[in-house]
Amino acid sequence: RTFIVSTIAKYALMNRHGHTQILQGFGAVAKWLPALMTVVVLVAGFVTQAGFLKACAIGLYNMLGGSFGGQWGQFAMAIVVVGASIGMISQKKQFTILEYLARIASLLIIITYVYAIFKSGTFDVAGFFRGMLFEMPKDQVGTFAPIIVAAATIGTIAGNMPNLLYPGFMKDKGWTGPKYRKLQQLDLIAGMGPLLIINLLFWIVAAEYARAHEFIITSEQDLATLMNTIVGPVGPFLLWMSLFLAAFTSFPAMTRGFAQLAISGIHLSTKSGAKWAGRDEEDPLFKWLQIGLFTALPIVAALPKAPNLIALGIAGTA
């Protein structure tokens, strides 16, 4: 992921055409490519946001006790998150608070899962390195075949759609031109480091417990059971806190990123959009996409009978 995002950022900062969005570069490869990517962004962006919002709602609901309203209680929490996100979107310095919250969240999540590994008292180092070398389980256990889980994991961590949003965030920070390349690389490393550590810690805790207890994880509640067994009564709260913080530091920011990317593609691929060239966010459609498609509409994922969080994450990302 570091390589992919760094290459995307390098193009945005150092190309000789004055492009600031990656879809402008795609348009230089083939004129029809921005239109195709716009469709992909609209669909994949909605699915990604639905997963983030569902994770926010589940985390917040369970942090507050998880004993009111059942799935409708989760839906109520989703409404709260959507309302808070729209409030952030409406501010001038939209996401400054999220930057600080993300740093705190990263630290708390790392501490939580280091503590969980310590409490579990086991870590198969040899098995860890075999897994890192792409050893694949032979038998299917549970709903998804191992190859699907692997594809979803790779997609979630390495090759997912939000990689393409990075140039938009750089533009928001005022990073344009080659002089910002070194700062951008430091920014990327600072962001990727905690992400790598958190993913490894989470998978180590889940894998060690599942193997030792022949335990199958089919929903987020199974993760809570896992943490309760390993850490004790505080374990589920730490899980829900981690889930909420990780999702909430992404959901509002991604509304802007996906809207920026989609509107850029629309302007590059339509005659009516050409008049907005260089002024993407002044187009009224930008706010409709940001607030409508990528903030409010994903609430359908929090309705009762919607796919559970793990199914939504695996199927959507794979």
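The structure we're discussing is the one just above.
Here's what I pulled together on the structure shown here. (Residues numbered from 1 in each chain as written. Predicted model: local features only at pLDDT ≥ 70, side-chain atom pairs only at ≥ 80, totals over all residues. Heavy atoms only, no water.)

1. Considering the environment of Arg 103
Argument step 1. Within the secondary structure layout, Arg 103 lies in helix H5 (residues 96-120).
Argument step 2. Judged by relative accessible area, which is 53%, Arg 103 ranks as exposed.
Argument step 3. Residues Arg 103 and Thr 249 lie 146 residues apart in sequence; the distance between their C-alpha atoms is 9.4 Å. (Helix = DSSP H or I, 4+ residues; strand = E, 2+ residues; numbered from the N terminus. Buried < 20%, exposed > 50% of the residue type's maximum accessible area, 1.4 Å probe, protein only.)

2. Points about the packing of helix H3 (residues 33-63) against helix H13 (residues 284-296)
Argument step 1. Interhelical geometry of H3 versus H13 gives an angle of 55° and a closest axis separation of 8 Å. Judged by the angle between their axes, H3 and H13 are oblique. Mapping the contact onto sequence places Val 41, Leu 42, Gly 45, Phe 46, Gln 49 and Leu 53 in H3 and Leu 289, Leu 293, Phe 294 and Thr 295 in H13. (Axes fitted to C-alpha atoms, helices over the stretch in contact; angles between N-to-C directions. Parallel < 35°, antiparallel > 145°, perpendicular 65-115°, else oblique. Contact = heavy atoms within 4.5 Å.)

3. Describing the pattern of salt bridges
Argument step 1. Taken as a whole and assessed by the stated rule, the structure comprises four salt bridges.
Argument step 2. The closest approach of N and O atoms between Arg 279 and Glu 282, which form a salt bridge, is 3.1 Å.
Argument step 3. A relative accessible area of 34% places Arg 279 in the partly exposed class.
Argument step 4. Each of Asp 172, Arg 256 and Glu 281 takes part in salt bridges that share partners, so that together they form one network. (Salt bridge = Lys/Arg side-chain N within 4 Å of Asp/Glu carboxyl O.)

4. Points about a nonpolar patch on the surface
Argument step 1. On the surface, Trp 72, Leu 297, Val 300 and Leu 303 cluster together to form a nonpolar patch covering roughly 360 Å² of accessible area.
Argument step 2. By secondary structure assignment, the location of Leu 303 is in the loop between H13 and helix H14 (309-317). (Patch = residues over 30% accessible without salt bridge, like charges linked within 9 Å, V, L, I, M, F, W, Y side chains within 5 Å. Areas by Shrake-Rupley, 256 points an atom, 1.4 Å probe, with all protein chains shown as cover.)

5. Here we look at helix H6 (residues 125-132)
Structural remark: α-helix, 3.6 residues per turn; residues separated by three or four positions point the same way.
Argument step 1. The distance from a side-chain oxygen at the start of H6 to the backbone nitrogen of Ala 126 is 3.3 Å, and the residue carrying that oxygen is Asp 124.
Argument step 2. Where H6 ends, the next residue or the one after it, Phe 134, has phi of about 70°, a positive value. (Polar contact = N/O pair within 3.5 Å; in protein donor to acceptor, adjacent residues only side chain to side chain.)

6. A look at helix H1 (residues 2-14)
Argument step 1. Look at H1: 17 Å from first C-alpha to last across 13 residues, which is about the 18 Å you get at 1.5 Å a residue.
Argument step 2. Those residues of H1 lying buried are Val 5, Ser 6, Ile 8, Ala 9, Ala 12 and Leu 13. Along H1, the residues classed as buried sweep out an arc of 160° about the axis, all on the same side.
Argument step 3. Of the surrounding elements, those touching the buried residues of H1 are helix H2 (22-29), helix H8 (166-172) and helix H9 (181-213). (Expected span 1.5 Å × (residues − 1). Arc of directions from axis to C-beta.)

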